[in-house]
Every structure is written in structure tokens, then in C-alpha cells.
Amino acid sequence: MDPFDERPLGAKVAGALEAGPLSGQVLAEHFGVSRQAVWKAVQSLRTEGVDLRSESGGYALYGGGFGALSLSWRCNRPVIFKAETGSTNRDLFQMAMDGAEAGTLVVAERQVAGKGRLGRSWVSEEGKNLSFSLLLQPSLPPEQAPLLCLAAALAIHEVTGLGIKWPNDILAPAAPGQEGFGPKVAGILAELHAEVGHLHFVVLGVGLNVHAQDFPEEILATSLSEAVPEKTWDRGALLGELVDRIESRCYQLQSDPAGVLRAWRAGSVTLGRRVRVGAHTGLAVDLREDGALVLETASGRVPVLAGDVEMVTQR
Ligand code: BTN
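Just so you know, the residues in each chain are numbered from 1, in the order the chain's sequence is written. Only residues with pLDDT of at least 70 are given local features in this predicted model, and only at 80 or more are side-chain atom pairs given and counted; all residues enter the totals for whole chains, interfaces and linings. For side-chain calculations, the full set of non-hydrogen atoms in the structure is used, while hydrogens and water are omitted.

**Quick word on the site of the ligand**
Just so we agree on the cut-off: Summary of the distance rule: residues count as near a molecule or strand when at least one heavy atom falls within 4 Å of that molecule or strand. Counting of polar contacts relies on pairs of N or O atoms within 3.5 Å, with two restrictions inside protein: one atom must be capable of donating a hydrogen and the other of accepting it, and residues adjacent in sequence are counted only when both atoms are side-chain atoms. We get accessible surface area from the Shrake-Rupley algorithm with a probe of 1.4 Å; when it comes to residues, only the shown protein chains can shield them. Secondary structure elements are defined from DSSP: runs of H or I of at least 4 residues count as helices, runs of E of at least 2 residues count as strands, and each element is numbered from the N terminus.
Taken together, the neighbourhood of the ligand is formed by 20 residues, with S87, Q111, K115, R117 and K184 sitting nearest. One of the side-chain N or O atoms of S87 is found 2.7 Å from an oxygen atom in the ligand. T88 places a polar side-chain atom, nitrogen or oxygen, 3.0 Å from a nitrogen atom of the ligand. Within the complex, 98% of the 420 Å² of free accessible area of the ligand lies under protein. Per element, the largest residue contribution to the shell around the ligand is four residues, and it comes from strand 8 (residues 181-195).

**Focus: the packing of aromatic side chains**
How two aromatic rings sit relative to each other is given by the distance of their centres and the angle of their planes. The condition that has to hold: The pairing test for Phe, Tyr and Trp rings, Trp by its six-membered ring, is centres within 6.5 Å, and the orientation test on the planes gives stacked under 30 degrees, edge-to-face over 60, and tilted for anything in between. Burial classification: accessible surface area is computed with a 1.4 Å probe over protein chains only, and a residue below 20% of its type maximum counts as buried, one above 50% as exposed, and the rest as partly exposed.
Using the criterion set out here, one finds two aromatic pairs in the structure. Between F66 and F81, the ring centres sit 5.9 Å apart and the planes meet at 80 degrees, which makes this aromatic pair edge-to-face. Taken as a pair, F66 in the loop between strand 2 (58-64) and helix 4 (68-75) and F81 in strand 3 (residues 80-82) lie far apart in primary sequence, 15 residues in all. Accessibility expressed as a relative area gives 25% for F81, which makes it partly exposed. Seen in terms of ring centroids, F93 and F201 are 5.0 Å apart; in terms of plane orientation they differ by 65 degrees. Their pairing is edge-to-face. Within this pair, whereas F93 is found in helix 5 (residues 88-97), its partner F201 is found in strand 9 (residues 198-208), the two being separated by 108 residues in sequence. Residue F201 is classed as buried on the basis of its relative accessible area of 5%.

**Structural notes on the pairing of strand 8**
Consecutive side chains of a regular strand alternate in pointing toward one face of the sheet and then the other. Threshold: Think of it this way: DSSP has to see at least two bridges between two strands before they count as a pair.
Of the strand pairs in this sheet, strand 7 (residues 169-173) and strand 8 are connected by three bridges, and their pairing is antiparallel. Its bridge partner lying in strand 8, L171 is registered against K184. Pairing geometry for strand 8 and strand 9, over 10 bridges, is antiparallel. Across the sheet, G187 pairs through a bridge with G207, a residue of strand 9. Connecting strand 8 to the antiparallel partner strand 9 that follows it, the hairpin turn spans two residues, and G197 within it adopts a positive phi of roughly 85 degrees.

**A short note on the sheet that holds strand 6 (residues 163-165)**
Here is the rule we go by: Axis geometry follows a simple rule: fit a line to the C-alpha atoms, using only the stretch in contact for helices, then measure angles between N-to-C directions, giving values from 0 to 180 degrees. Contact between two residues is taken to exist if any of their heavy atoms lie within 4.5 Å; hydrogens are not considered.
Strand order in this open sheet of seven strands is 3-4-5-9-8-7-6, and the pairing throughout is mixed. Either end of the sheet is taken by a strand with one partner, and the two such strands are strand 3 and strand 6. Averaged over neighbouring strand pairs, the angle between their axes works out to 20 degrees when direction is ignored. Sheet topology note: the strand 4 (residues 105-108)/strand 5 (residues 130-136) ladder contains three bridges and is antiparallel. Within the sheet, the bridge partner assigned to L105 lies in strand 5 and is L134. Helix 8 (residues 235-252) rests against strand 4, strand 5 and strand 9 of the sheet, and its axis sits at about 30 degrees to strand 5.

**Observations concerning the pattern of salt bridges**
For clarity, the threshold we go by: What counts as a salt bridge is simple: a side-chain nitrogen of Lys or Arg found within 4 Å of a carboxyl oxygen of Asp or Glu.
Per the counting criterion, the structure on display carries 18 salt bridges. Between R74 and D234 there is a salt bridge, and its shortest N-O distance comes to 3.5 Å. Separated by 160 residues along the polypeptide, R74 in helix 4 and D234 in the loop between helix 7 (224-227) and helix 8 bring together distant segments of the chain. According to the relative accessible area criterion, D234 is partly exposed, its value standing at 25%. Across the pair E158 and R245 runs a salt bridge whose closest N-O atoms are separated by 3.0 Å. Note that E158 is positioned in helix 6 (residues 146-160) and R245 in helix 8, a separation of 87 residues in sequence. Taking the relative accessible area as the measure of exposure, E158 reaches 32% and is therefore partly exposed.

**Observations concerning the sheet that holds strand 11 (residues 280-287)**
In spatial order, the strands read 13-12-11-10-14; together these five strands make up an open sheet with antiparallel pairing. The open sheet has two edge strands, strand 13 (300-304) and strand 14 (309-311), and neither has a second partner. Neighbour-to-neighbour, the strand axes of this sheet turn through a mean angle of 45 degrees, independent of strand direction. Summarising the sheet, strand 10 (residues 274-277) and strand 11 pair through four bridges and their orientation is antiparallel. Paired with V277 across the bridge in strand 11 is H280.

Next up, the structure:
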């Protein structure tokens, strides 16, 4: 038993059952609690939708579930789970100002004021997707903060297999016979608290369409289960993998930014295409060390630091 494991009992019980079935008695002894407490934890996990069966060898875990306990199990930390909130980014930013620790994770089933990049809003179908914010405190100068978005996009690419559109949109493949990018599956919004020369913290928010089918008409979007139908996507398991991968790629920036950028380039669907970003049109030829997209334009190479990429069809 890990004395520093602050997760609720239900999360620890689910973690212990990953290796195979265990009886209530064994679990109670292992965690130093009563069998009644174990039974209650099992019931709470079932209420969250975890498939936990009573079999001859004891409680057997078959996955599933989406709630505070099951996500604390999947993400290896106490998760702040909200059935409804305004914005997980806004919630976590306030918590960070109040002293929350790096690694704090807020997950919502429904956001009524979800925030997107560049002042847009983010709308997500309730109970179908992932909307979460993760607190990061890397030792990086503030000017390298944009690299955190690239690192997080790389992590999502690695877990889902989908392409990255600069700087950090995750896209489905284009339909057969079509050029360019497919619809958007996930987006990232990083909000910083910094002063000149010092980054205090970053709230990294991710919205990922997992099973959603209804999208506002004006939005070109799809879901992971439509983009990658050959896999079964369990939202809780997916969240656990994403959080682990995002932290690992973001903190890698402290020691090996070049390694992160190299992997980003390999996962990019922007490089090698003719694109328009704001006033600039050209061939996207590289990603610069500071995260800028380098365009080969009619008037030479232009680095672009922010904006939306549009595909330009070659004539
Ligand atoms: C984008 O515009 O592509 C970024 C979308 C980011 C949405 C996520 S959902 C969880 C977190 N909380 C928010 O209010 N926004 C981010």
C-alpha cells in the first residue's frame, strides 16, 4: 500500500483489481478498512458505470465508468469531477491562484461556458466527450509556453493516431478522394499565469469529441469514434492515457524540447502543404524552435506565431 496515495478508496480498489479478481476480505485487509467500506466503494464505482462483477474469485473488474472515483483510478490522482460547470479552465485557474498543486485535474461532463482559442466558445455534447483541464508547472521561460500546446497536441496524436494541424488542433483524416484536412476532433486552450521572465503555472484545457454525433452546423467537427471506428473508445481509459502522455510530453520540454518538436513534425498534417495563416500564404516548410510555423511565401520565408491555418488548393 502506498502511504502517499491520496485517491479515494474506490479508486484504490479499482486499481488493485486491475491485476485480477480479489475478495472483499483481501481488499479490506490490504487497505486497512472494513469489508463494509470496501462494499460501499464497490457500489459507488458501479454507480459511476464501472463494470464490476461478483465472481467466485471475488470482485472482478471489466472497465468502464466515468465519475470521480473511476477517473481518479484511471488518472492516478484525486480527480475533481463536475457534472456541470461553466468552464473547467476557469475553475482550475482559480484553484491554481488559491494554491492548487501541479497535476490537479478538473473534468466536466457539461460546460455551459466552455472556452475555445482566440476568444471563441467551445460546445460539447453532454456525456459523450472529454472536457478537462490539467495544471502544469514546468520550469520553462514564459516565451516557451506556446510549446506546451504543441507538446499536448503531440500527446493527443500519440494516443489517438490522429493528425495535428498547427498549432494544436487534432483532425480526422480527410475523406477518401479529398485533399487536405478532415474535420476537427479535439482542441487545446492553454491559459498562463506569468510575469516577465517567470512562468507561474499553465492551465491546459482539452476538449475532445469522443462519441458525439450532433455538431452545430457551422462547425466542421467529428468524433474520435467516427474517425477511428476500428477501436472501442472508453472515455475513462482514454482520459487516463491522455493525462499521462500530456504530462510526459510537456515536462520533456524542460530537458529535450528538440525531441518534442521532432515528434510533433512527424505527427503534423500541416507541414508540406500550401496554407494560409492570416495575411500569409505559402508552403508550410518547418516548425521553428519557438513553435512558429515557417511558410515559404512568394516573398521569402515567413515565421507565423499565431493564427488559424486554412488549406489552400493548388491550381
Ligand atoms: C479550441 O478552440 O480548439 C480549444 C478548445 C478547448 C476546449 C477545452 S474543454 C475543457 C477546457 N475548458 C474550457 O473552457 N476550454 C477547454
